[in-house]
Amino acid sequence: MTPRTPSSGSDPKNQPTPAKKAATKKAAAKKATAEKAVAKRTTAAKNTTAKKTPAKKTVAKKEAAKKTAAKKTTAKKTTAKATAAKTAAAGAVARKTAKKAATAAKKAPATKTAARPAVAGSTAPEPVSPEPMSPELAPPEPMAARSPEGAAPAAVGPGDRERLLTGTHHDPHSVLGAHPVPGGVAFRVFRPYALGVTVVAGERRAGLRDDGQGFFSGMLPLPEVPAYRLEVEYAGTVQDTEDAYGFLPTLGEFDLHLIGEGRHEQLWQALGAHPMAHQGVTGTRFAVWAPNARGVRVAGGFNFWDGTGYPMRSLGATGVWELFVPGIGEGELYKFEITRPDGSKTLRADPLARRTEVPPATSSVVHASHHEWGDAEWMARRTRRPAHEAPFSVYELHLPSWRPGLTYRQLAEQLPAYVRDLGFTHVELMPVAEHPFGGSWGYQVTGFYAPTARLGTPDDFKFLVDALHRAGIGVLMDWVPAHFPRDEWALAEFDGRPLYEHADPLRAAHPDWGTLEFDFGRREVRNFLVANALYWCEEFHIDGLRVDAVASMLYLDYSREPGQWTPNEHGGRENLDAVAFLQEMNATVYRRVPGVVTVAEESTAWDGVTRATHHRGPSGFGGLGFGLKWNMGWMHDSLQYMSHDPVHRKFHHGEMTFSMVYAYSENYVLPISHDEVVHGKRSLVSKMPGDWWQQRANLRSYLGFMWSHPGKQLLFMGQEFAQGSEWSETRGPDWWLLDPNYGAAADHRGVLDLVRDLNAVYRATPALWTRDVHPDGFQWITGDAADDNVLAFLRHDTDGTPLLAVSHFAPVVRPDYRIGVPDDVPAWREVLNTDAARYGGSDVVHPDPVKPEPQGRHGRPASIRLTLPPLATVWLRPA
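Just so you know, these numbers come straight off a predicted model, no measurement behind them.

A tally of regular secondary structure across the chain gives 20 helices and 35 strands. For the chain, the residues scored as buried account for 56% of the 879 residues in total. Taking contacts inside the chain between residues at least 6 apart in sequence as the whole, the part at least 24 apart equals 72%. Working note: accessible area of the chain is about 35700 Å², and carbon and sulfur atoms make up 53% of it.

Here you go:
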């Protein structure tokens, strides 16, 4: 920045002459003859010769300027000429430097914003040079006569000036703006690149002194601070605006108290960027938590990314910095320019930005929501039954690649209809929070409060959620509170020191993903994350959060070798801070948002993941408070069993039965997720042994077993129609497999039809979900028929009505296979058979009811004879 040369006031051509000032002063003393005296003095001043010293100086300056322009030299005017030339040259440099600011000023909102009440009826004048000031606003004589080198009473002092220029001032509002001082009101303005600043109060105007380096000041003889605006002159334009430093703080003491305590459950309403009306003026409030910063300034498109003239004020010991910028509204790009403790500067995206630029751009965007929800019926209905006692089958998908190229609103036209047709009760969205690298699938988050801009705006995402709800489909989303990436414009060492991450490098660095772990022991960080969970549920009507990587949070030694971690205060490896955070998060979400469910992706045998937080278990810990937990053990064991050739499966029979040993230790979800169909693990159908027919038959029988096993179901996109290739985030599912013109389309459509029927029968059969988490809802018929590769069990609903599930994992037909059954059911009717011809099977089915015979089997007094289809699962209900 090239500063202007300090002057003793505004442009001399726009100032009244000393004679006029004298006339004005005399008129004030003699009111009765004021007008005549002013006219006489003015005429005398115009006709006077250069006898008086002040007049001589003025004439000399004008003559020197003329002679300089004409390149004439005279010995008599050497001193005056040099002074004028120096002033003109400095002004030229300043005006050249101001071109950038002029452009910015043209871009910046020049429309007059709603005035504060005190000047509600005023109209700002046209952007012209200031006129002579009225007596009420005229600066006192000492200020007008003060030399540039003098210490003007209204000027910013050298200490404050230095801190403002270097971005280290903690309270710019105490210096800038309008302040009562002895003798009147001092106005101080900091506008780098400006050529002049005029204070406008109603119809009255007063030009401020240019103090150099972008500082302007003046002291006006007023009894109190008026309602005023600023006219800021740049080269070629004038910006009419409110003074950002004339406003009280926008955050109250209660907000600051809650932030300081780490208990602000709606933190997003306090921090971040918020368009609002403040003291009758429209603008945007910026607020950010940066307790280690020496100073914070707002930079954005509205000031050409030069935050010098927009320093924020520190609001006490909370570490929060705040600034209300008038005239700034929705859609503006911004970041925070933070001066670190060592004096260096960093430009950071807003941690609580509710909208961002489209990656790879990284700026935050000022946002206000205008979406009107239409899902009131869904929101009321979801509270009627807890998730673990309701039908709960989930379709997991990656929004950017489900139908590549579609926006949120375009997805809203296709996704609800597709999921509803297949009968899933919920969708689970892989992380939608903003992330810079698409290849992370959203699991390395930088914008925790912003839906990714790749697919549209936050309101567009709300539109999609609304559409799913109106179609009767719940929305879960993956939430990633375990870690965050190291991008230098995001959270890492946000204000120059570890802030969101742990101060201990060993605790901060995540060994697997090259990211940083949150410091769960810091109350402000816990508040940031707990409020974030609430934000998605309250603002976006999300019905559930699947919490990613819980195991990595719970253990201090997770993926760490001895010597790379420090035990907790009790000598154990449990991360007590993370435990406390998860308990607080779950308790708060369930308290504030009825009907929401939280789901833990937790891969160990941690005791009490879905136990209430106030109930202590054998380990001494209270429960973590989740509603559901992914059953990673079932997923691993069952897929391992299915990958074996059927001739070897009898040696691995326990892999299919072991899950029932611990099935009621938690409330489980059975997940066939994206993690199981990437990185060389192959798609679900490709995991199956045998030829193409056997692979599909194995897949169908496995899905039937999965839907009948205790627990909820989750299936990743593409697996519902037996996609043969692994998932790729760049291309998504192979939809072409369902094209009727493709020769094998019927094979894939058969699996799709099975999934649809599984969901339909599942939802219509309370025995499969009402007693999901109760041991009396399940009974083995046979779990030890390893030689036959057969599993059979009963599921019961609350009134005891059973469903019989029989899975046969051998590629042969077994006729007249006896299955023990209760003797109080007169007949059984087949309601689903994965070997049906319409699914692509061999059509070994039971179209007629099957009646029990009084021949005991499997410890039961009666039995039925079934022809077991090859590689198939059969469901039967009382006829």
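Here we take up the sheet that holds strand 4 (residues 204–207). The four strands are arranged 4-3-7-8 in an open sheet whose pairing can be described as antiparallel. Each edge of the open sheet is held by one strand with a lone partner, namely strand 4 and strand 8 (237–241). If you compare each strand with its neighbour and ignore which way they point, the axes differ by 20° on average. The pairing of strand 3 (residues 196–201) with strand 7 (residues 229–234) spans five bridges and is classified as antiparallel. From the neighbouring strand, T198 faces strand 7, where its bridge partner is E231.

Attention shifts here to the pairing of strand 29 (residues 778–785). Two strands pair when backbone bridges link them, and strand 29 and strand 30 (residues 790–796) are joined in this way by five bridges, in the antiparallel orientation. Bridged to A785 within strand 30 is V790. Linking strand 29 back to strand 30 in an antiparallel pair, the connection comprises four residues, with N789 at a positive phi of about 60°.

The next point concerns the sheet that holds strand 10 (residues 281–289). Across the sheet, which stays open at both edges, the four strands sit in the order 9-10-13-12 with antiparallel pairing between neighbours. Strands at the two margins of the open sheet, each flanked by one partner only, are strand 9 (272–278) and strand 12 (313–314). Where strand 12 lies against strand 13 (residues 320–326), two bridges are found, and the strand directions are antiparallel. Residue R313 lies in a different strand from strand 13, and its bridge partner there is E322.

Here we come to the packing of helix 13 (residues 523–539) against helix 15 (residues 576–592). Pairs of packed helices are described in terms of their axes, by the angle between the two and the distance that separates them. Packing of helix 13 against helix 15 brings their axes to within 10 Å, and their N-to-C directions diverge by 30°. On the basis of the axis angle, helix 13 is roughly parallel to helix 15. In this structure, helix 13 meets helix 15 at a crossing whose hand is right-handed. Residues R526, L529, V530, A533, L534 and E538 of helix 13 form the contact with helix 15, whose own contacting residues are F581, E584, M585, T588, V589 and R592. Here the residues of the contact of helix 13 with helix 15 sort into seven nonpolar, one polar and four charged.

Judged by nonpolar contacts, the single largest core of 181 residues is most densely connected at F286, L399, F461 and W536. The element contributing the most residues to this core is helix 13, with ten residues. In this structure, V825, V850, A862 and V874 belong to the second largest nonpolar core, which totals 19 residues.

The end-to-end C-alpha separation of helix 16 (residues 632–643) is 17 Å, in line with the 16 Å expected for twelve residues at 1.5 Å each. Among all positions in helix 16, only M632, W634, M635, S638, L639, Y641 and M642 are buried. Elements in contact with the buried residues of helix 16: strand 26 (628–630), helix 17 (654–657), helix 18 (659–662), strand 27 (668–672) and helix 19 (692–708).

What characterises a pair of aromatic rings is the spacing of the ring centres plus the angle enclosed by the ring planes. Across all of its chains, the model carries 47 aromatic pairs by this definition. Ring centres 5.4 Å apart and planes at 65° place the aromatic pair W268 and Y535 in the edge-to-face group. In this pair, W268 sits in the loop between helix 7 (253–261) and strand 9 while Y535 sits in helix 13, placing the two residues 267 residues apart along the sequence. Note on accessibility: W268 and Y535 belong to one class, buried. The residue whose ring lies beneath R409 is F463, and the NZ or CZ to ring-centre distance is 4.4 Å.

The next thing to look at is the environment of V813. By secondary structure assignment, the location of V813 is in the loop between strand 31 (802–808) and strand 32 (814–821). C-alpha of V813 to C-alpha of L868: the two residues are 55 residues apart in sequence and 5.7 Å apart in space. In this structure V813 touches V844, T867, L868 and P870, once residues within four positions along its chain are discounted.

Quick look at the confidence of the model for the chain now. In the predicted model, the chain carries a mean pLDDT of 86, and the fraction of residues at 70 or more is 83%. Segment residues 1–151: pLDDT under 50, and 167 contacts once partners within four positions in sequence are set aside and those in other chains are kept.

Scanning all chains against the criterion turns up 39 salt bridges. Salt-bridge contacts for D478 lead to R546; the nearest nitrogen and oxygen are separated by 3.3 Å. With D478 in strand 21 (residues 474–479) and R546 in strand 24 (residues 544–547), this residue pair connects regions lying 68 residues apart in the sequence. Given the relative accessible area of 2%, D478 is considered buried. The salt bridge involving D548 is made with R546; its shortest N-O contact spans 2.9 Å. Given the relative accessible area of 0%, R546 is considered buried.

With respect to the helices and strands, the residue V365 is situated in strand 16 (residues 364–365). When the C-alpha atoms of V365 and A273 are compared, they prove to be 8.2 Å apart, with 92 residues separating the residues in sequence. Not counting residues up to four positions away in its chain, the partners in contact with V365 are G331, E332, L333, Y334, R355, T356 and E357.

To continue, consider unusual backbone geometry. Cis geometry marks the peptide bond from P359 to P360; its omega dihedral reads 15°. Secondary-structure assignment places P360 in the loop between strand 15 (345–348) and strand 16. At Y193, a residue that is not glycine, the phi angle is positive and equals roughly 80°. Within the fold, Y193 resides in the loop between strand 2 (184–190) and strand 3. Unlike most non-glycine residues, H679 shows phi in positive territory, near 55°. On the secondary structure map, H679 appears in the loop between strand 27 and helix 19.

Rules and cut-offs
Residues numbered from 1 in each chain as written. Predicted model: local features only at pLDDT ≥ 70, side-chain atom pairs only at ≥ 80, totals over all residues. Heavy atoms only, no water. Helix = DSSP H or I, 4+ residues; strand = E, 2+ residues; numbered from the N terminus. Buried < 20%, exposed > 50% of the residue type's maximum accessible area, 1.4 Å probe, protein only. Contact = heavy atoms within 4.5 Å. Areas by Shrake-Rupley, 256 points an atom, 1.4 Å probe, with all protein chains shown as cover. Pairing = 2+ DSSP bridges. Axes fitted to C-alpha atoms, helices over the stretch in contact; angles between N-to-C directions. Parallel < 35°, antiparallel > 145°, perpendicular 65-115°, else oblique. Left-handed = near helix turned anticlockwise from the far one by under 90°. Nonpolar A, V, L, I, M, F, W, Y, C, P; charged D, E, K, R; others polar. Core = buried A, V, L, I, M, F, W, Y, C linked by side-chain atoms within 4.5 Å. Expected span 1.5 Å × (residues − 1). Phe/Tyr/Trp six-rings, centres within 6.5 Å; stacked < 30°, edge-to-face > 60°. Lys NZ or Arg CZ within 6 Å of the ring centre and 35° of its normal. pLDDT = per-residue confidence, 0-100. Salt bridge = Lys/Arg side-chain N within 4 Å of Asp/Glu carboxyl O.

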